[in-house]
Amino acid sequence: MVNDFEKRFVKARKEYIRAQFTHLNEMQQQAVLATEGPLLILAGAGSGKTTVLINRIANLLRYGKGGDSEELNEYADAAALESLEKGDENADFYAALDPVEPWRILAITFTNKAAGELKERLERMLGERANDIWACTFHSACVRILRRDAEKLGFSTSFTIYDTSDTQSLVKRILKDMELDEKMMPPRSVLAEISRAKDSRIGAQEYLSQARASSDFRRVKIGEIYVEYMRRLFAANAMDFDDLIFFTVKLLEENDEVCAYWQRRFRYVLIDEYQDTNHLQYLLASLLSGGWGNICVVGDDDQSIYKFRGATIENILSFENEFKGCRTIRLEQNYRSTSHILDAANAVIRNNIGRKGKELWTNKGSGDLVSVQVADNENDEAQYVASSIMANYGQGANWRDHAILYRMNAQSRPLENAFKRNGIPYRIVGGTRFFDRAEIKDVLSYMCVVATPEDDLRLTRIINNPPRGIGAKSIETLRTLALENNTSMFGIAADADSYAELRTASIKLRLFASMIEELRDFAKKNSLEALLDEILDKSGYLRALEEKDNEENRDRAENVRELKSSIVNYVQETGDDTLEGYLANIALYSDLDNYDREADAVVMMTMHSAKGLEFPWVYIVGMEEGIFPGTRCIGEHEEMEEERRLCYVALTRAEKHLELVCARQRMLFGSTTANRVSRFVDEIPAEHVKKNIPRGYGFSEKPRDLGFAYKSTAQSRHSVAAPSAVKAPAPAASTAFALGDSVRHKAFGEGVITKMTPMGGDYLIEVNFEQQGTKKLMLRAAAAHMEKV
DNA sequence: CGCACCACAATTTTT
DNA sequence: TTGTGGTGCG
């Protein structure tokens, strides 16, 4: 039975600690202070969850469980109580109860970028100590755990990581060797099936036996591929993304002392974006937090948009059942958007059934209406967005305050063209990663082979690149021999003389093998940077690029140089100069990590990539049935709900202005379609919308016969912005503006036309602006925003 | 062996 | 529309 003093002390302590977080709202404070036991934070979009996470960690470091415990510490006497009640300079000391060492905190996020931001904000708030907090992704946490004990799983601690394109090629290779048709067994779906199996913790052998028992031919084949896939990965001392988690779980479950070590270590485990975790990640989380039982997850079921990748909303929905004594806190106040935008988003997501239910609110005021705009075609759409952004820029907005979101990467091209011809700086996030470019993959493959010569996949990529006279035939023979002798292709190549089948190629093979051996020696004694130079030189890769001098190869050489600065950068930032460290880092790197929010440029990306970001102006393009929602989701209830969540995510990116744009007619993948306006637009109540839709194009209305009206796109191409003077073909355009004209541009200010070059029925002009410097513009587009002075 | 040409298919993808 | 992979020729 606690006495009055104890009660009073605990109350004073809790109040004192709470008082340190009054800059947060009531719910946020609760989330920060509920440190002990399982906690589920349902955090709506823009509800300040990162702020909560950071303050929560700060609270843990400063006061430990002081704010959430009935226990007293050893100094709890009358003087301490008085100090707490007054809140004097000693109160901090008395309020602390088991303050946590930073290295006992594990904060898991989904992207490197989110992890980086978390670290940065923690460091700003807590200083040096923040560096010892493990703020990382699931995957990088697993790499760190596995680097210590991979040997217990039979891997070497210098294991490498296969990224998506590596695993694709590996499966393709296996399909070929097993004489299976890629049409019947698309590598993508095979990999998806393997991934699903791993998520359910079904190993290759087990999967195969199950498949055989079910006597489903397709599953048996996939099982055989799975077994072979794992065998080859293991032989190459490599893991794929799922393996990192799969094997970490295995390691922890099968090795009590290892498990105990990590469980003892991590007193507090925090997981962000919990709605995007899969089953395996849930298991890992519960294993790691199993020692102290302090697991805090933050998520939003309405923002779950990666179900197609195995994420399961179940993890959130059943969290309260899985973790007994769990507390749940909802963060529903939104600090990001004005209320028309927020109400629009709320209205759309309300159409989903099977969600926890949550209504965001704001006290920011109503702000602008959501604008809906219909363009004639995809080029008009792009030009409309470009014109609108230029108008904003002309009124003092920054380029970087604008984001354009679309459903798929293929939609970026017309936008890119429009931005180019209007001279608007832009950047595209997503698409092909820098590290996925062929030349980068080549050079990295050299590095991988130097690290692990047994890696047949990477070896195959480079053994005849640049050409060394080792042809497809020799490579096949190598592969067969390696299989027969139960060794790697490198092993055979190094010992090529011993095999009669290789007589013609043996010299070249041994030359290649000894080059790799020399590079391995070199790697042991030199820095990463030096190793890269040595590889480029000794392999002749760079020389081959330079010998055939064309634009493409110059680009490639440039990229290779960029790779070098990436290495220098990595070594500088992490202090790690090891080959395997760098290679792992690269595999876990995404294009989003490249996105620099400071650079003043309009940014375009898919709605998926936009998750977690926010912008004053957001344009969502392609708001059409068949695009968004996509054809594949129409009629599929579950998928439509995921699509709607994606829409919710997209809408809630906007802070002040939100524009939804669609086109009556769109050319995509080479063919033209006429789509109705997206149902999501119709789901927004009229009072939040400023519509500019001609009659006959609403989702609920029948599509109108387009007839000949929109056949001639050339006529209407620039009709949104261009005045009639420039609608005429090129010669007429030259009459409106001429070389040497002084002009005033809506966005760029005053300038002089310094150059005019005819180009495809239009003119490429160069204008020397007083403020912005020289810009290259297409005359037709520019004329709409320019006048002579 | 390397290159040129043609058919083919093509959501979304934090790791 | 673009990128990829397979085939056939020099």
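Novice: Please explain the layout of surface pockets as it appears in this structure.
Specialist: In this structure, the second largest pocket encloses a volume near 790 Å³. Only β4 (160-162), α8 (164-177), α11 (217-235), α20 (438-451), α21 (456-462), α22 (472-484) and α28 (579-587) provide two or more residues apiece to the lining of the second largest pocket. In terms of residue count, α8 provides more of the lining of the second largest pocket than any other element does, six residues in total. Its residues assigned to classes, the lining of the second largest pocket shows 16 nonpolar, nine polar and 15 charged.

Novice: How should I be thinking about the protein's contact with DNA strand B in this particular structure?
Specialist: Neighbouring DNA strand B are 34 residues; Tyr306, Arg309, Arg407, Gly471 and Ser590 lie closest to it. The sugar and phosphate moieties of DNA strand B supply 47% of its atoms located within 4 Å of the protein. A distance of 2.7 Å is found between a base oxygen of DNA strand B and a side-chain nitrogen or oxygen belonging to aspartate 276. Take threonine 606: an N or O atom from its side chain is 2.6 Å from a phosphate oxygen of DNA strand B. When residues of the surface near DNA strand B are traced back to their parent elements, those giving at least two are α22, α29 (607-610) and α30 (637-651). Looking at the surface near DNA strand B residue by residue, the class counts come to 12 nonpolar, 13 polar and nine charged.

Novice: Where do I start with the pattern of salt bridges in this structure?
Specialist: Enumeration over the complete set of coordinates arrives at 64 salt bridges. Lysine 221 is the partner of glutamate 224 in a salt bridge, and the nearest nitrogen-oxygen pair spans 3.1 Å. Taken together, the positions of glutamate 224 and lysine 221, both in helix α11 and three residues apart, correspond to about one turn of that helix. As a salt-bridge pair, glutamate 642 and arginine 645 come within 3.1 Å of each other at their nearest N and O atoms. In this pair, glutamate 642 and arginine 645 are both assigned in helix α30, three residues apart and thus about one turn of the helix distant. For the residue pair glutamate 642 and arginine 645, the accessibility class agrees, reading buried in each case. One salt-bridge network, held together by shared partners, links Asp163, Asp166, Arg433, Asp436, Lys441, Asp455 and Arg458.

Novice: Explain the protein's contact with DNA strand C to me, please; I cannot follow it from the model alone.
Specialist: Around DNA strand C sit Lys172, Lys176, Arg413, Phe669 and Gly670, and that is every residue in its neighbourhood. Within 4 Å of the protein, the atoms of DNA strand C are drawn from sugar and phosphate moieties in a proportion of 25%. At 2.9 Å, a side-chain N or O of lysine 172 approaches a phosphate oxygen of DNA strand C.

Novice: What am I meant to see in the packing of aromatic side chains here?
Specialist: We describe a pair of aromatic rings using the distance from one ring centre to the other and the angle between the two ring planes. Scanning the entire structure with this criterion turns up 26 aromatic pairs. For the ring pair tryptophan 399 and phenylalanine 748, a centre distance of 6.1 Å and an interplane angle of 55° mean the geometry is tilted. Placement of the pair is tryptophan 399 in the loop between α18 (378-394) and β10 (402-406) and phenylalanine 748 in the loop between β18 (742-745) and β19 (749-759), with a sequence separation of 349 residues. Here tryptophan 399 falls in the buried class, since its relative accessible area comes to 2%. On the basis of relative accessibility, which here comes to 1%, the residue phenylalanine 748 falls in the buried class. The interplanar angle of 55° and the centroid separation of 5.4 Å between the aromatic rings of phenylalanine 748 and phenylalanine 769 together place this pair among those described as tilted. Residue phenylalanine 748 is located in the loop between β18 and β19, and its partner phenylalanine 769 is located in strand β20 (residues 762-769); the two are separated by 21 residues in the primary sequence. Like phenylalanine 748, the residue phenylalanine 769 is buried in the burial classification.

Rules of the game
- Residues numbered from 1 in each chain as written.
- Chains lettered and ligands numbered in written order.
- Predicted model: local features only at pLDDT ≥ 70, side-chain atom pairs only at ≥ 80, totals over all residues.
- Heavy atoms only, no water.
- 1 Å grid on protein atoms, 1.4 Å probe; cavity = no way out; pocket = protein on both sides within 12 Å on 5 of 7 lines; lining within 4 Å.
- Points joined across faces, edges and corners; volume = space filled by probe spheres on them.
- Helix = DSSP H or I, 4+ residues; strand = E, 2+ residues; numbered from the N terminus.
- Nonpolar A, V, L, I, M, F, W, Y, C, P; charged D, E, K, R; others polar.
- Near = heavy atom within 4 Å.
- Polar contact = N/O pair within 3.5 Å; in protein donor to acceptor, adjacent residues only side chain to side chain.
- Salt bridge = Lys/Arg side-chain N within 4 Å of Asp/Glu carboxyl O.
- Buried < 20%, exposed > 50% of the residue type's maximum accessible area, 1.4 Å probe, protein only.
- Phe/Tyr/Trp six-rings, centres within 6.5 Å; stacked < 30°, edge-to-face > 60°.

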